[in-house]
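# Structural features, examined
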Amino acid sequence: MKIVSIAAVFGLLFFLSAPFASASTDNIRYLAQMTMNLDKPLSDADRASLNAIVDSDDATDEEATIALALSKFDQGVAPGDVNRLFEVVEDDLSDESARVLAGILLRLNQNPEADDAAMLAELAK
């Protein structure tokens, strides 16, 4: 009986310790891909996809916040989106992938730094 309990505890710990990238949703993956390509203007199709995430009942509040910030991104986060992104970063209940992505957006000036680019690549997987 103890062996089963120990195995269950280790299994739970393994599950909880999985890297944040594996927990990314399709929306987070898409948003990370969009963030990696902000060196060129968003297309109408990109904006439509971002707006679809903002309007989606299936998207989390964090995903909608990030999508809205991306849709208005112009060499940096729009002033009206900064506080909302900070709320995502500082909320311990927010998904870790969303917190990382929101933090990258707040630091971003057109192109991500090398460390942020590596994190975006992991989120985009």
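How each quantity is defined
- Residues numbered from 1 in each chain as written.
- Predicted model: local features only at pLDDT ≥ 70, side-chain atom pairs only at ≥ 80, totals over all residues.
- Heavy atoms only, no water.
- Helix = DSSP H or I, 4+ residues; strand = E, 2+ residues; numbered from the N terminus.
- Buried < 20%, exposed > 50% of the residue type's maximum accessible area, 1.4 Å probe, protein only.
- Contact = heavy atoms within 4.5 Å.
- Core = buried A, V, L, I, M, F, W, Y, C linked by side-chain atoms within 4.5 Å.
- Axes fitted to C-alpha atoms, helices over the stretch in contact; angles between N-to-C directions.
- Left-handed = near helix turned anticlockwise from the far one by under 90°.
- Arc of directions from axis to C-beta.
- Salt bridge = Lys/Arg side-chain N within 4 Å of Asp/Glu carboxyl O.

### Re the overall build of the protein
Across its full length, the protein holds seven helices and zero strands. Walking the protein from its N terminus toward its C terminus, one meets helices and strands in the order α-α-α-α-α-α-α. Across the 125 residues in the protein, those meeting the buried criterion constitute 34%. Partitioning the intrachain contacts of the protein with sequence separation of at least 6 by distance along the chain shows that 56% fall at a separation of at least 24.

### Description of the nonpolar core
Within the largest apolar cluster, 27 residues are counted, with the highest numbers of intra-cluster contacts made by Leu31, Ile66, Leu70 and Leu105. Only helix H2 (26-36), helix H3 (44-55), helix H4 (61-71), helix H5 (79-90), helix H6 (96-107) and helix H7 (114-123) provide two or more residues apiece to this core. Contacts of Ile66, omitting those with residues within four sequence positions, involve Leu31, Leu85, Ala98, Leu101, Ala102 and Leu105.

### What to know about the packing of H2 against H7
Taken N-terminus to C-terminus, the directions of H2 and H7 make an angle of 145°; their axes are 8 Å apart at the nearest point. Remark: the crossing between H2 and H7 carries left-handed chirality. Residues Ile28, Arg29, Ala32, Thr35 and Met36 of H2 touch H7, and the partners they reach there are Leu120, Ala121 and Leu123.

### A short note on H7
Restricting attention to buried positions, one finds in H7 the residues Asp116, Leu120 and Leu123. Mapping the buried residues of H7 onto a view down its axis gives an arc of 60°, with all of them on the same face. Every exposed residue of H7 that faces more than 90 degrees away from the buried side is listed here: Ala114 and Asp115.

### Examining the pattern of salt bridges
Where charged atoms of side chains with opposite charge meet at close range, the side chains can pair. Counted by the stated rule, this structure contains six salt bridges. Between Asp26 and Arg29 there is a salt bridge, and its shortest N-O distance comes to 3.3 Å. One end of the pair is Asp26 and the other is Arg29, both in helix H2 and three residues apart, which spans about a single turn. Overall, Asp26 belongs to the exposed group, its relative accessible area being 59%. Notably, a salt bridge pairs Arg84 with Asp81, separated by 2.6 Å at the nearest N-O pair. Here Arg84 and its partner Asp81 are both found in helix H5, three residues apart, which amounts to about one turn of the helix. Owing to a relative accessible area of 34%, Arg84 belongs among the partly exposed residues under this scheme.

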